[in-house]
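Understanding the architecture of this molecule
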Amino acid sequence: MGAYSDQAQADHDACAALCDGARGERGLARVRQRLLWIAGNLWWWLRQVSGDADYENYMRRGSRDSCPSINQNRVSRGAISAEEFYLENLRRKHSRINRCC
Amino acid sequence: MNLAKKLLWFLIAAVGAGGLGFIAIARGEPINAVWLVAAAACVYTIGYRFYSRFVAYRVLELDDQRATPAERLEDGRDFVPANKWVLFGHHFAAIAGPGPLVGPILAAQFGYLPGTLWIVLGGVLGGGVQDFVVLFCSVRRDGKSLGQMAKDEISGVAGFAALFAVLSIVTIIIAVVGLVVVNALKSSPWGFFTIAMTIPIAFLMGIYMRYIRVGHAIEASLLGFVLVMASVVGGRYISESHALAPYFTYSAIGLAWMIVLYGFACSVLPVWLLLAPRGALSTFVKLGTIFLLAGGILAARPTLLMPPLTRFVDGTGPIFAGKIFPFCFITIACGALSGFHSLISSGTTPKMLSKEGQARLVAYGSMMMESFVALMAMVAACVLKPGIYFAVNSPAGVVGQVPAQAVATISSWGFPVTTQDMSDLASKVGEVTLFNRTGGAPSLAVGMAHIFSGSLGSSVVMGIWYHFAIMFEALFILTILDAGTRVGRFLLQDLLGHFWKPLGRTGWYPGIIFTSGIVVAAWGYFLFQGVMDPLGGINSLWPLFGISNQLLAAVALCLCTTVLIKMEKSRYVLVTLGPLLWLVAATMTASVQKIWDPNPALGFLAHARYLADQLVAGSIPVSKIAETQTLIFNDRLDAAVTFAFASLVLVILIESGRNWWLYASGKKRVGLREAPVELSRLTA
């Protein structure tokens, strides 16, 4: 009985250690995933605010607008190149007040 | 709201009230800056959670089911629905200029208490509300500008006042920020080298974003940041080199000419070459440094050495003359309540708002952040020994030309400082002298360097931190200068195009050069006026800026009040009428005092009379007669400009008041000019 219970206890301890390890790994993986998610969102936000993603957004909107089932009111426009878009964007942005004192 | 949430809000309220109470009753012994930061953070949190919610849902009745202009008029260019956090970033980056840093530094001459209370309460009850309600008005009117809305909802006079205020505010703000840069860089080879290097760095970034990696602002900004940091570090070697230092050492007049030429070049050069890359770099450095400063204050937990109230509450301040009321409220605008913000709230932001409810986060939330930045600037000024603060900021015309004379004057005010203190500090930060650097930037830089070196390094690197702070301030001051000159040029071209069509064409080079020249000459005149002023220039220019800024705020708040009355929300009219009345009281009192006060240190006309009497008495040396005559003319010009601003405030107020009375008495039909209602199809 004693040997059995010792063995059972040892098995239980080993199993608990394994489970703890697995739980710990799962916890770490979750933390890692969470951090990656936060970093990804921050990077996305930074690209949007800095204007890096402006041309991608413009192209994405262009393809959506040309789909009549999504947007029936808009006329599809011919896409302009990244360089033309960049210069046009700057011209519009800097021809009105866009900075405060 | 469940019990746990109630307890949490109760705790925040208790910490805020405790912090404010401690600040208010602490007398005679220095307090830790963390008290200020904690109290302010709690007030902002409560203001955002409760007051802005009240304004949003009780007063304005924001409706997320109603399509915004970004959705209805979406064109992929101007009208684009944006994520609320992205728009928050855009809006905050647009409203956060040098104003919330410089204003609190100057107002610290009254002590830390008046400025801090105005920043916190003004932000929560005034600035946040103004920005929020103007954004709401613009969203309900297809993203119209402040001037258009004032014309439609109040009258043509109000629309004209808005246009006049915009042109004058652009002129005066450029002159005043130019003066801040001049005073920070004069006789400073290290500072000048660092700032001068930002121009070729911007060219490089511009070429990178135009030809190598089109539109990749993050990469270009990182490249620019590394190069700018290299020039901050390299500047030390320039300043220590006997051979090179003279090439980078300039007087105030020389620097003023360079700034004028720079402004002109920015207005006529292609925008991708200089303006856009500088703007991108400045935004990155600005946001990064603001977070760094917040972290530095929390890590260093510095003690405020400035008393809560100084003797200068009586109006005899050396940096600018005038009592707490009205001058504290004119000096600190952008951190508490700034009319300029209404141009941003009725500019790009309303065209990108996806849902009406998001206006609360974007406008009110950004203003809370801006107010917090102003509070950090106040902390940075007040951690300095008061004697040092006054030695750095007081003009030579007030404290004396010679260091010994200056420290004797300042010490006699009860703020002990020695020439040894000042020369030790100057050598620590790598400058020859820090005396008479009126304008706020150098004392903010010393304060920031003190905080950074206390938390992120030793005093050995204080010089690097000081010049990093100068670079940070000058970078986005010059961004205002170049962007402002260009916008001023567009406004002028728009106006002159009515008289002669070619002048209105933005691609016609003779027209560009002519109108750029006029705009630069206008602000350049005021810049030189400030540089030549024996009282430091800030004494006359900053109040002018404050008054013109609050003229714009008066237009904005009159519009907000009119719209509330038209919406049949008269019972909530104090939400905007309260800040308006306070603002008008402060602006009108300041205007009257600046024009007619008999004290020559305060009143423009009294100062002109004082100089004229000296001329008549023959006490001015022959070599100074022409300069004195110019000073007399400048005083009279400033008085006339102030009079024009004050008159416009009165005209707008009377015009609005007349309309309110007619609406209330039923003698005029209420016509709300909102865009038609359309149901939103966007998901939040």
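Along each chain, the written sequence defines residue order, and numbers are assigned to residues from 1. Starting at A for chains and at 1 for ligands, labels are handed out in the order in which the entities are written. Only residues with pLDDT of at least 70 are given local features in this predicted model, and only at 80 or more are side-chain atom pairs given and counted; all residues enter the totals for whole chains, interfaces and linings.

Secondary structure is summarised from DSSP: a helix means a run of H or I of at least four residues, a strand means a run of E of at least two, and numbering begins at the N terminus for each. In terms of regular secondary structure, chain A is built from three helices and zero strands. Ordered by position in the sequence, the α and β elements of chain A form the string α-α-α. Burial in this document is a count-based property: other C-beta atoms within 10 Å of a residue's C-beta are tallied, and the residue is buried at 20 or more, exposed at 12 or fewer, or partly exposed in between, with C-beta positions derived from the backbone. Looking at chain A residue by residue over its 101 residues, the buried ones come to 13%.

As a further point, take unusual backbone geometry. Residues and elements named next belong to chain B. Here the amide bond leading from Phe325 into Pro326 is cis, since omega sits at 10 degrees, within 30 degrees of zero. Turning to its location among the elements, Pro326 is positioned in helix 13 (residues 324-331). Of note, the phi angle at Ser187 is positive, near 55 degrees, even though the residue is not glycine. Structurally, Ser187 can be placed in the loop between helix 8 (156-185) and helix 9 (189-212). The backbone of Arg301 sits at a positive phi, close to 40 degrees, despite the residue not being glycine. Within the secondary structure, Arg301 is located in the loop between helix 12 (275-300) and strand 2 (303-304). With 15 C-beta atoms packed within 10 Å, Arg301 lands in the partly exposed category.

Whether two residues are in contact is decided by their C-beta atoms, placed from the backbone, lying within 7 Å. Counting residues at the interface gives 38 residues for chain B, matched by 28 residues for chain A. Mapped onto the side of chain B that touches chain A, the elements with two or more residues apiece are helix 4 (84-95), helix 10 (217-240), helix 12, helix 14 (340-345) and helix 21 (462-496) of chain B. For this classification, the nonpolar set comprises Ala, Val, Leu, Ile, Met, Phe, Trp, Tyr, Cys and Pro, the charged set comprises Asp, Glu, Lys and Arg, and every other residue, Gly included, is treated as polar. Among the residues making up the side of chain B that touches chain A, the classes are represented as 22 nonpolar, 13 polar and three charged.

Quick look at the nonpolar core now. If you look at the biggest cluster of nonpolar residues, it comprises 230 residues, and the most contacted ones within it are Ala554 and Val555 of chain B. Ranked by the residues each element gives to this core, the list is headed by helix 8 of chain B, at 20 residues. Remark: nonpolar core denotes a set of buried Ala, Val, Leu, Ile, Met, Phe, Trp, Tyr and Cys residues whose joining runs through C-beta atoms within 7 Å.

All names here are of chain B. Taking burial as the measure, the eight residues of helix 13 include seven buried ones, the bulk of the element. For helix 13, every residue scored as buried is listed here: Ile324, Pro326, Phe327, Cys328, Phe329, Ile330 and Thr331. Against helix 5 (99-107), helix 6 (112-139), helix 24 (538-566) and helix 25 (574-596) lie the buried residues of helix 13.

Residues and elements named next belong to chain B. Domain start and stop points were drawn from an automatic or database domain assignment. For chain B, the assigned domains are domain 1 (1-59) and domain 2 (60-73 + 145-187 + 250-664). A separation of 28 Å is found between the C-alpha centroids of domain 1 and domain 2. At the interface, 18 residues of domain 1 touch 24 residues of domain 2. Put simply, the parts of the chain that give the side of domain 1 that touches domain 2 at least two residues each are strand 1 (31-32) and helix 2 (33-59). Examining the composition of the side of domain 1 that touches domain 2, we find that 14 residues originate from one element, helix 2, more than from any other.

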